[in-house]
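# Close look at the chain arrangement
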Amino acid sequence: MQPLPVPCPASLVPDASGTEAFHRAYRQAMEHRAVFVAVESDGPRWTVKADTLTAGHGHLVEEAVNDAVRAAIARLVDRREVGADAYAGPIYFMMHNVSSEERARDLAAALHAALYGDLEPLDRAVPPALGT
């Protein structure tokens, strides 16, 4: 399997539901020294996961990017699109309770792009509140 392109189309985000699928996707990211990103089914809801450790020590996420990701995840929590137990980095990211696979994939793809420094997909997926 090839590493995910950047930006990654939502349709290519791996479904890492189940232990075996998760380990396979995580190993693939480590082998390619790439940021890990995946979605997982959690009953009728979905979870988004990302981890920058798989990309190796040379992969650095700028503080401004981490700030933007944290702010986007906070907006998602405030809008109740993800659970309040969301984990917003700076190395590991997780968002539970996403309403659909499609939305989870969109958020995962946007997060993946952001962790490579491209914030535009994240801004489209989680627009700032009006007046901010």
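Structure: above.
Basis of the calculations
- Residues numbered from 1 in each chain as written.
- Predicted model: local features only at pLDDT ≥ 70, side-chain atom pairs only at ≥ 80, totals over all residues.
- Heavy atoms only, no water.
- Buried < 20%, exposed > 50% of the residue type's maximum accessible area, 1.4 Å probe, protein only.
- Helix = DSSP H or I, 4+ residues; strand = E, 2+ residues; numbered from the N terminus.
- Pairing = 2+ DSSP bridges.
- Core = buried A, V, L, I, M, F, W, Y, C linked by side-chain atoms within 4.5 Å.
- Contact = heavy atoms within 4.5 Å.
- Axes fitted to C-alpha atoms, helices over the stretch in contact; angles between N-to-C directions.
- Salt bridge = Lys/Arg side-chain N within 4 Å of Asp/Glu carboxyl O.

### Description of the pairing of strand S1 (residues 36-42)
The element S1 is extensively covered by neighbouring structure, given that five of its seven residues are classed as buried. Pairing of S1 with strand S2 (residues 45-51), which is carried by seven bridges, proceeds in the antiparallel orientation. Counted as the bridge partner of Ser41 is Trp46 from S2. The hairpin formed by S1 and S2 contains two residues between the paired strands, and Gly43 there has a positive phi angle of roughly 70°.

### What to know about the pairing of strand S4 (residues 92-98)
For a regular strand, side-chain orientation follows a simple rule: the groups alternate between the two sheet faces. Where S2 meets S4, five bridges bridge the pair, whose relative direction is antiparallel. Paired with Lys49 across the strands is Met94, a residue of S4. Summarising the sheet, strand S3 (residues 87-88) and S4 pair through two bridges and their orientation is antiparallel. In the strand pairing of S4, Ala88 is matched with Phe93. Count of turn residues in the S3/S4 antiparallel hairpin: three residues, of which Gly89 carries a positive phi of about 75°.

### As for the nonpolar core
Soluble, globular proteins show a tendency: their nonpolar side chains are buried together. Membership of the largest hydrophobic core comes to 32 residues, with the highest contact counts inside it found for Val48, Val69, Met95, Leu107 and Leu111. Elements represented by at least two residues in this core include exactly S1, S2, helix H2 (63-78), S4, helix H3 (101-114) and helix H4 (120-125). Here the element with the most residues in this core is H3; it accounts for seven residues. With sequence-adjacent residues up to four places away left out, Val48 is seen in contact with Ala38, Val39, Phe93, Met94, Met95, Val98, Ala104, Leu107, Ala108 and Leu111. The next biggest cluster of nonpolar side chains, apart from the first, holds six residues, and it includes Ala25, Ala29, Phe36 and Ala38.

### A word on the sheet that holds S1
The four strands lie next to each other as S1-S2-S4-S3, forming an open sheet whose pairing is antiparallel. If you trace the sheet from one side to the other, it starts and ends with S1 and S3, each paired once. Running over the sheet, helix H1 (residues 19-31) touches S1 and S2 and is turned about 170° from S1. Those strands touched by H2 are S3 and S4, and its axis lies near 15° from that of S4.

### Quick word on the pattern of salt bridges
Under the counting rule described, the total for this entry stands at seven salt bridges. The residue Arg70 makes a salt bridge to Asp67 at a minimum N-O spacing of 2.4 Å. Placement of both Arg70 and Asp67 in helix H2 is noted, with a separation of three residues, approximately one turn of the helix. With a relative accessible area of 40%, Asp67 lands in the partly exposed category. In this structure, a network of salt bridges that share partners links the residues Glu63, Asp67 and Arg70.

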